Amino acid sequence: MTSEGLQISKEESGIIVSPTKTITLRIFRYNPKINNESKFDEFKIPYQRWTTVLDAILEVKKHLDHSIAVRYSCRQASCGSCGMKINGRPALACFTKISELNSDVITIEPMNNFPIIRDLAVGFERMFSTHKKIKPYIINEESEINPGTKEFLQTPEDVEKYIQFSSCIKCGLCNSACPTMATDSSFVGPQALAQAYRYVADNRDKGKDDRLKIIDDSHGIFRCHFAGSCSQVCPKGVDPAMGIQLLRGYLLGFRD
Amino acid sequence: MAKVDENKEGIKGMVNPTRYGIERFAYLLMRLTGLGLLAYFVAHIYETSNILRGKVGWQEFLAITQTPEGHIILAIVIGMSVFHTVNGIRVMLGHGGIGVGKPARPDYPYAPQSQNARHKIAIYSSIVLAALAMMYGLAVMFGE
Amino acid sequence: MRESVIMKIHYGTALASVALVAVHILFRLTQGFAESLQYESVIANYEFLPYAGMLEIILILLSIHGFNGLRVILLELKQGPTFEKSVSYGCIAAMALIILYGSRTIFMTSMGMV
Amino acid sequence: MVDSIEYDLLIVGSGLAGLRAAIAAAKKSSKIKIAVISKVQVMRSHSVSAEGGTAAVLFEDEGDTIESHIYDTIKGSDFLADQDVAERLCREIPHEIYQLEHWGMPWSRREDGRLGQRNFGGYSYPRATYASDKVGFFEMQTLYDTCQKFDNIEFLNEWFATSIIHDGQRFLGITAIELSSGTFYTIKAKALIIAAGGAGRIYSFATYALSSTPDGIDMAYRAGMALKDMEFVQFHPTGILPSGILITEGARGEGGYLLNNTGERFMKKYAAGKMELAPRDIVSRAMMTEINEGRGFDNETGVKCMKLDLRHLGDSLIKEKLGAIREISIKFSGIDPAQEPLDVRPVAHYMMGGIHTNIDGATELEGVWASGEAACNSVHGANRLGANSTSECIVWGRITGELAVDYILNKQHMTPFPYYLVEAEEKRIYDGIFRGNGDVNPYEVRQELTDTLNDKAYVYRNESDMVAGLKKVRELKSKTWKHVDDHAKEYNTNFTNVMELDSMFRVAEVVLLGAIHRKESRGSHARTDYPKRDDTNFLHHTLAYYDPKEPIMKKHPVTITNYKPVERKY
Ligand SMILES: Cc1cc2nc3c(=O)[nH]c(=O)nc-3n(C[C@H](O)[C@H](O)[C@H](O)COP(=O)(O)OP(=O)(O)OC[C@H]3O[C@@H](n4cnc5c(N)ncnc54)[C@H](O)[C@@H]3O)c2cc1C
Ligand code: HEM
Ligand code: SF4
Ligand code: F3S
Ligand code: FES
């Protein structure tokens, strides 16, 4: 049994039992505080069927270059840390397998539309503050309960109306794919807009008018042109594009 | 143009339609046709103002525009306006939340409902209609 | 103005002009494209007042729609209070100019002032 | 001079426990300044990975009772839980579930609109309140979003706390490094809540997020607080191969089978009454016994495993209630659970032990509370029941948040600040670690260390393995791994990785020593050389105090109120 444990830990360590193929990673390197030159470093590493891009980056970090700056945590696509641009498209590193990329060289860059802290790590301050700005919580005088209060009844159908938008892991991939975000530094962005809809669609919430007012300005919801790129990169099936259009339906008087 | 320290993708990223499917391509075409039409519209207002120069002036101006190049430009305008109009109606309905799908628990692998087949068909049809209209326009203009 | 109001106008002008532009183009086609552009027929069209009125409406609708569209694109390209103010006022000014300029043509022609 | 900032209440850790504490404190007083500090961005804490459920008695009208929840918890703990603490958990959690619900938690619902609950291991009633199979994620989101309501909660995203400053009597502040700039700060505060989560990454095969390292609890340990019951590490029966990502117990709660290579539901030999839904320690041991006796499968990676069969649940139930594990298994092992059984294996999943606290979550140092997985208030004893951890985080998050505010408002806080301690810490970090030197790759050392624990202190343990393990740990510790090759200040994860490794050594030592000292089998601690529980000699908690030479081990009594320890059978 003991040797078992060891075997499995070797698996985890990435000491490859049967190295099948190798891949070249081109990793973007840049530290804006130190110099103004960015560059790509290339690393060759072995990989297997299940190796993810995050595994590969961490493998490089362990053995080839300790100094790569990269954000990660859950390694199972639930924390939203590891968004980056992989072969030109924003994706979660831990949710992209090397074997499904079909290329011999993988180019890894930081997500666009977020300031670079260093290498692959980007700053999220603005996204967190736009998220806060749309009041992402239940607005209802009765939301703080007293002893003895039971649940607010909600049927499975009521839950269906918002559950999808509630799966957002705040990874920012949508904001990085959206064409408006590419040039507009003041746009609220698909992440926050989808969350505004998430709360509006919840029948426990009474904050619809508040939120509609907040997003109805010159860099608000109308800067979305239904390009849909946000939904195409979203790793959790949130479909922000849908949420945004449904939300705008209220403002245009198509829904109430 | 965008601030460098935000690592914005910039105009290059905005107009690059290759990575995100037909919807992103339609977004770009909508913009380009909108701008194109606006340019034509302004030109057209100027063009028609030549009527004030009397018959001679008008005919002088007609001579400049009624050329093969002029006809091709006009055909493109026809195509642009058909695409912009048809796609505009699709986009407008979408913006109102119509036909963008119904919220539901998504199942892996996630296929976003808002990017549904109806929209794809509408986009392809607006492109095809625009092409047909252009051909018709060319036929009318060169057919004489 | 609230952005939603502006954009309702944007969509409204678009929808309204769909029908009118169609009529405008049909006029060209039913009269035969080349003939319709002859000086006399153009003048005749202008002097037919309902048609001239329609042209005026199209002119207004599309100027609003088109320059608002331009404003939207410009707002998204670059930000900053001065830039955004100048875009808004610039577009309104351009819109007004083109409407005035176009109206002059329509008015003068339809009144037989050519 | 070190940069210094000041708050009233500091919360280290932004998992369920930390965020719940922040809301409780902010709600209690809008005047105090609260900072939540986390080495990851606040909403990215490990808690987002919790899948299966949160245990609470919600249907007393339909036959469930709080007494039954209390007894299940105590029996599940193999009678090492403090019974008054278990009782408090079970009495307070239902209200918390409803409060979360009113804050917007998307619990799954029954047709009649009430909250859905599912079966979980070791319970006598289906009482794991669930939200699909992303309970922890949705709870985190609800709490994070609710925090946005309060203007006196400030988030310090990606700050790494390194030490606790106190004057021997009471808490005064902490030192921390802001990762994005690499700046070293003193943060002064009147009270501290440690909610730094579990330390399970001392095992190489673990369900935990990669950030679940012991630096948070090590900080308390170095400051003189005791670590309690660290030998009790829970191995979850169903970790997927090769990543160790969890397949929730909810999969078995919904009716999944565990099979051996003869196609037999082997659990009938080990816990006929509960089958696959016996507590985790029992299921994990059963799986290892099957594997050791040759009835396992070979995974493609060369590791032995068992099969988890969900095919009979059907595609639509799997999609509706187990969507996340469906996503995980399709993506990471290429298997659709509706089509094929999954390869699973026991995997390090939870630390019953942690910073020693009393029933209120208060530690031995005045002004410091601990809650969540980082704390050990002894609610789980020797084995935690599934779904009881998120419950614990929420209940003690609230309790500690409120108590800390009382303390802040009612105490005089005038002690002079011991700057020399800050300087000492700065020296430890910058001279000892950041500018240290050596030629041994710290990442390889980390790998060996975590492999050693996996190897020597897994589901079944014995004296010689563990002694060898301890020897190996100490040998690794003395190697020259203490250096950071990346010299930039900004976002230096090489540095945090080495800091984490430094803390792993101390905590791994405590885990192994505790396990060596406990010469009995109880709950998750199963020794082949002492296969029986021994209430005469070991019905006590283990405490470990820091000493630069070797941990000082002590005993602490178990609180028993109504339930006499009896043999544990399912
Ligand atoms: C895969 C998985 C599934 C689970 N499923 C369930 C379930 O279904 N039901 C259930 O009841 N329990 C479950 N558990 C257990 C439960 O999720 C955890 O015990 C619980 O989430 C711990 O929460 P926490 O708030 O204590 O800490 P965590 O969520 O672990 O958060 C710890 C926080 O401390 C911070 N931190 C740590 N060290 C430092 C430092 N030095 N400086 C600054 N910040 C620091 C971290 O950044 C993080 O924010 C599961 C556990 C795992 C691994
Ligand atoms: C008559 C039919 C027309 C319809 C139905 C229509 C519809 C629309 C719609 C719905 C939009 C918004 C697109 C978005 O926000 O994503 C739009 C944008 C625009 N339109 Fe039109 N339009 C029409 C004609 C015109 C004409 C004739 C012009 C030129 C004067 C024009 C110029 C523009 C411009 C410049 C934009 C902005 C482009 C953008 O933001 O993508 N449109 N149109
Ligand atoms: S909507 Fe999707 S892509 Fe955008 S932040 Fe949320 S999870 Fe990420
Ligand atoms: S990509 Fe951007 S334009 Fe709208 S549909 Fe998504 S927010
Ligand atoms: S590491 Fe958490 S989403 Fe990738």
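Rules behind the numbers
Position numbers for residues count from 1 along each chain, tracking the sequence in the order it is written. For this description, chains carry letters from A and ligands carry numbers from 1, given in the order in which they are written. With pLDDT at 70 or above as the cut-off, local features in this predicted model cover only qualifying residues; side-chain atom pairs require 80 or more to be listed or tallied, and sums for whole chains, interfaces and linings still use all residues. Side-chain calculation: all heavy atoms of the structure are included, whereas hydrogens and water are not. Counting from the N terminus, the helices are the DSSP runs of H or I reaching at least four residues and the strands are the DSSP runs of E reaching at least two. It is over C-alpha atoms that the radius of gyration is taken, and the globule rule equals 2.2 Å times the number of residues to the power 0.38. Only protein chains enter the area calculation, which uses a 1.4 Å probe; residues under 20% of their type maximum are buried, those over 50% are exposed, and those in between are partly exposed. Note on areas: Shrake-Rupley with a 1.4 Å probe; residue coverage comes only from the protein chains shown. The sign given to each residue is positive for Lys and Arg and negative for Asp and Glu; His and the chain ends receive no count. In plain terms, the charge of a residue is placed at NZ if it is Lys, CZ if Arg, CG if Asp and CD if Glu. By the convention used here, residues are in contact when the closest approach between their heavy atoms is within 4.5 Å. To define a nonpolar core, start from buried Ala, Val, Leu, Ile, Met, Phe, Trp, Tyr and Cys residues and group those joined through side-chain atoms within 4.5 Å. For every domain, the bounds stem from an assignment made automatically or drawn from a database. Two parts placed together each lose some accessible area under a 1.4 Å probe, and adding up what both lose gives the buried area. What counts as a salt bridge is simple: a side-chain nitrogen of Lys or Arg found within 4 Å of a carboxyl oxygen of Asp or Glu. Each polar contact in these results corresponds to two N or O atoms within 3.5 Å; when the atoms are within protein, one needs to be able to donate a hydrogen and the other to accept it, and residues that are neighboring in sequence are counted only if both atoms are side-chain atoms. Only a single heavy atom is needed: when it lies within 4 Å of a molecule or strand, its residue is near that molecule or strand. Gly counts as polar in this scheme, as do all residues outside two lists: the nonpolar Ala, Val, Leu, Ile, Met, Phe, Trp, Tyr, Cys and Pro, and the charged Asp, Glu, Lys and Arg. Convention adopted: a line fitted to C-alpha atoms gives each axis, helices being fitted over their contacting stretch, and angles between N-to-C directions are expressed from 0 to 180 degrees. Any angle between 65 and 115 degrees counts as roughly perpendicular, while under 35 counts as roughly parallel, over 145 as roughly antiparallel, and the rest as oblique. The span expected for a helix works out to 1.5 Å for each residue beyond the first. Any two of the Phe, Tyr and Trp rings considered here, Trp counted by its six-membered ring, make a pair once their centres fall within 6.5 Å; the pair's planes then place it as stacked at under 30 degrees, edge-to-face at over 60, or tilted in between. Two conditions define a charge located above a ring, namely a distance within 6 Å from the ring centre to NZ of Lys or CZ of Arg, and an angle within 35 degrees of the ring normal. Whether two strands pair depends on DSSP finding at least two bridges between them. For every residue, the predictor assigns a confidence score, pLDDT, that lies between 0 and 100. A patch consists of residues exposed above 30% relative accessible area that lack any salt bridge, with like charges linked at up to 9 Å and nonpolar side chains (Val, Leu, Ile, Met, Phe, Trp, Tyr) linked at up to 5 Å.

Moving on: the overall build of chain B. What chain B contains, in helices and strands, is five helices and zero strands. Seen in sequence order, chain B has helices and strands lined up from the N terminus as α-α-α-α-α. For 144 residues, the compact-globule estimate of 2.2 N^0.38 gives 15 Å, and the C-alpha radius of gyration of chain B, at 20 Å, exceeds that figure by more than 25%. Along the three orthogonal principal directions, the C-alpha set of chain B runs to about 70 × 40 × 25 Å. Residue burial in chain B is summarised as follows: out of 144 residues, 45% are buried. Working note: accessible area of chain B is about 7,100 Å², and carbon and sulfur atoms make up 73% of it. Placing the 13 positive and 9 negative side-chain charges of chain B at their respective mean positions leaves the two points 10 Å apart.

This next bit is on the overall build of chain D. Each helix and strand counted, chain D has 15 helices and 24 strands in total. In terms of overall size, chain D behaves like a compact globule, its C-alpha atoms giving a radius of gyration of 23 Å where 570 residues would be expected to give roughly 25 Å. Pairs at least 24 residues apart make up 75% of the contacts formed inside chain D by residues separated by at least 6 positions. Carbon and sulfur atoms make up 49% of the accessible area of chain D, which totals about 17,000 Å².

This brings us to the arrangement of the chains. When the five pairs of chains in contact are ranked by number of contacts, first place goes to chains A and D. Between chain C and chain D there is no contact, and the shortest C-alpha to C-alpha distance separating them is 26 Å.

Moving on, we get to the nonpolar core. Residues L9, I164, I174 and I187 of chain D are the most contacted members of the largest nonpolar core, which totals 267 residues. For this core, the element with the highest residue contribution is helix 14 (residues 493-517) of chain D, accounting for 14 residues. Summarising the domain contributions, this core has at least three residues from each of domain 1 (13-122) and domain 2 (125-251) of chain A. Ranked by size, the runner-up nonpolar core spans 26 residues in total, among them I45 and L74 of chain B together with I99 and I106 of chain C.

Let's shift gears to the interface of chain A and chain D. Often the size quoted for an interface is simply the accessible area lost on bringing the parts together. In this complex, chain A contributes 85 residues to the contact, which on the side of chain D involves 88 residues. Buried surface at the junction of chain A and chain D, summed over both partners, amounts to about 7,400 Å²; 52% is from carbon and sulfur atoms. Between chain A and chain D we count eleven salt bridges in total. Inspection of the chain A/chain D interface yields 39 residue pairs in polar contact (both at pLDDT 80 or more). Taken together, the elements giving at least two residues each to the side of chain A that touches chain D come down to helix 1 (2-13), helix 2 (53-63), strand 6 (116-118), helix 3 (125-133), helix 4 (156-163) and helix 6 (190-200) of chain A.

Looking now at the site of ligand 1. Residues and elements named next belong to chain D. With respect to spatial proximity, 38 residues lie near ligand 1, and among them S45, S47, E373, S389 and T390 are the closest. Measuring from an oxygen atom of ligand 1, one finds a side-chain N or O atom of E373 at 2.5 Å. Interatomic distance of 2.7 Å between a side-chain N/O atom of T390 and an oxygen atom of ligand 1. A total of 1,000 Å² of accessible area belongs to ligand 1 in isolation, and the protein chains cover 99% of it. Secondary-structure elements contributing two or more residues to the shell around ligand 1 are helix 1 (16-28), strand 3 (34-38), strand 8 (159-166), helix 5 (215-222), strand 17 (342-351) and helix 10 (388-410). By residue class, the composition of the shell around ligand 1 is 15 nonpolar, 18 polar and five charged.

Residue and element names in this part refer to chain D. Within the secondary structure layout, W369 lies in strand 19 (residues 368-370). Take W369: its relative accessible area is 8%, and that puts it in the buried class. Distance in space between the C-alpha atoms of W369 and G353 is 15 Å, their sequence separation being 16 residues. Ignoring sequence-local partners within four residues, the contact set of W369 consists of A191, L192, I193, I194, D360, G361, A362, T363, T400, L403, A404 and Y407.

On the side of chain A, 47 residues touch chain B, which itself brings 36 residues to the contact. Together chain B and chain A conceal approximately 3,400 Å² of surface at their shared face, both sides included; 56% is due to carbon and sulfur atoms. Linking chain B with chain A are zero salt bridges. Put simply, the parts of the chain that give the side of chain B that touches chain A at least two residues each are helix 1 (10-15), helix 2 (21-49) and helix 4 (68-95) of chain B. Sort the elements by how many residues they give to the side of chain B that touches chain A and helix 2 of chain B lands first, with five residues. Taken together, the residues of the side of chain B that touches chain A break down into 13 nonpolar, twelve polar and eleven charged.

Right, let's talk about the packing of helix 9 (residues 240-252) of chain A against helix 1 (residues 3-30) of chain C for a bit. Between helix 9 of chain A and helix 1 of chain C, the shortest axis-to-axis distance is 10 Å and the interhelical angle comes to 90 degrees. On the basis of their axis angle, the class for helix 9 of chain A and helix 1 of chain C is roughly perpendicular. Residue-level contacts link R248, L251 and L252 of chain A of helix 9 of chain A to S4, K8 and Y11 of chain C of helix 1 of chain C. Looking at the contact of helix 9 of chain A with helix 1 of chain C, its residues break down into three nonpolar, one polar and two charged.

Below, the discussion takes up helix 7 (residues 280-292) of chain D. Look at helix 7 of chain D: 18 Å from first C-alpha to last across 13 residues, which is about the 18 Å you get at 1.5 Å a residue. Within helix 7 of chain D, twelve of the 13 residues are buried, which leaves the element mostly enclosed by the surrounding structure.

Turning our eyes to something else, we now look at the packing of aromatic side chains. Scanning the model with the defined rule gives 25 aromatic pairs over all chains in all. Between F28 of chain A and F40 of chain A, the ring centres sit 5.7 Å apart and the planes meet at 75 degrees, which makes this aromatic pair edge-to-face. With a gap of twelve residues between them, F28 of chain A in strand 1 (residues 21-29) and F40 of chain A in strand 2 (residues 39-47) connect regions that are remote in the sequence. Aromatic ring contacts, followed pair by pair, group F95 of chain A, Y108 and Y110 of chain B together with F332 of chain D into a single cluster. Sitting over the face of the ring of Y199 of chain A, R198 of chain A holds its NZ or CZ atom 4.0 Å from the ring centroid.

This next bit is on the environment of P90 of chain A. Here P90 of chain A lies in strand 4 (residues 89-92). We classify P90 of chain A as buried; its relative accessible area is 3%. In sequence terms P90 of chain A and G237 of chain A are 147 residues apart; their C-alpha atoms lie 15 Å from each other. Not counting residues up to four positions away in its chain, the partners in contact with P90 of chain A are M84, K85, L173, S176, A177 and V233 of chain A together with Y20 of chain B.

This part is about the sheet that holds strand 18 (residues 354-356) of chain D. Residues and elements named next belong to chain D. As summarised here, the arrangement of the five strands in space is 20-18-12-23-24, forming an open sheet in which the pairing is mixed. Every other strand in the sheet has two partners, leaving strand 20 (375-376) and strand 24 (552-557) as the edge strands with one partner each. Pairing geometry for strand 18 and strand 20, over two bridges, is parallel. Bridging from a neighbouring strand, I355 pairs with A375 of strand 20.

This paragraph deals with the confidence of the model for chain D. Of all residues in chain D, 100% have pLDDT values of 70 or greater, and the mean over the chain is 96. For this predicted complex, the interface score ipTM comes out at 0.96, alongside a pTM of 0.96.

Time to look at a negative patch on the surface. Taken together, E157 and E160 of chain A together with E111 and E320 of chain D make up a surface patch of like negative charges. With respect to the helices and strands, the residue E157 of chain A is situated in helix 4. E157 of chain A gets classed as partly exposed once you look at its relative accessible area, which sits at 45%.

Attention now moves to the site of ligand 4. Residues and elements named next belong to chain A. Around ligand 4, a shell composed of C178, P179, P190, C224, H225, F226, A227, G228, S229, C230, A241 and I244 is seen. Of all the secondary-structure elements, those providing two or more residues to the shell around ligand 4 are helix 8 (229-233) and helix 9. Broken down by class, the residue content of the shell around ligand 4 amounts to nine nonpolar, three polar and no charged.

Right, let's talk about unusual backbone geometry for a bit. Excluding glycine, a negative phi dihedral is what most residues carry, and trans is how most peptide bonds are arranged. In the segment running from Y108 of chain B into P109 of chain B, the intervening peptide bond is cis, with an omega of -5 degrees. Along the chain, P109 of chain B turns up in the loop between helix 4 and helix 5 (117-142). A cis amide bond links L241 of chain D to the next residue, P242 of chain D, at an omega of 0 degrees. In this fold, P242 of chain D is placed in the loop between strand 13 (233-240) and helix 6 (250-253). Positioned with a positive phi, K135 of chain A is a non-glycine residue whose angle comes to about 55 degrees. Residue position: K135 of chain A is located in the loop between helix 3 and helix 4.

This next bit is on the sheet that holds strand 4 (residues 54-55) of chain D. Across a sheet, paired strands are connected by hydrogen bonds in the backbone, their directions being either parallel or antiparallel. Residues and elements named next belong to chain D. Taking strand neighbours across the sheet as the criterion, the three strands line up as 4-6-5 in an open arrangement whose pairing is antiparallel. One side of each edge strand has no neighbouring strand; the edge strands of this open sheet are strand 4 and strand 5 (117-118). Alignment of strand 5 against strand 6 (residues 128-129), held across two bridges, turns out to be antiparallel. Counted as the bridge partner of Q117 is T129 from strand 6.

As a further point, take the confidence of the model for chain B. The pLDDT averaged across chain B works out to 93; a share of 97% of its residues lies at or above 70. Across chain B, element-level confidence peaks in helix 2 of chain B with a mean pLDDT of 97 and bottoms out in helix 3 (residues 54-65) of chain B with 91.

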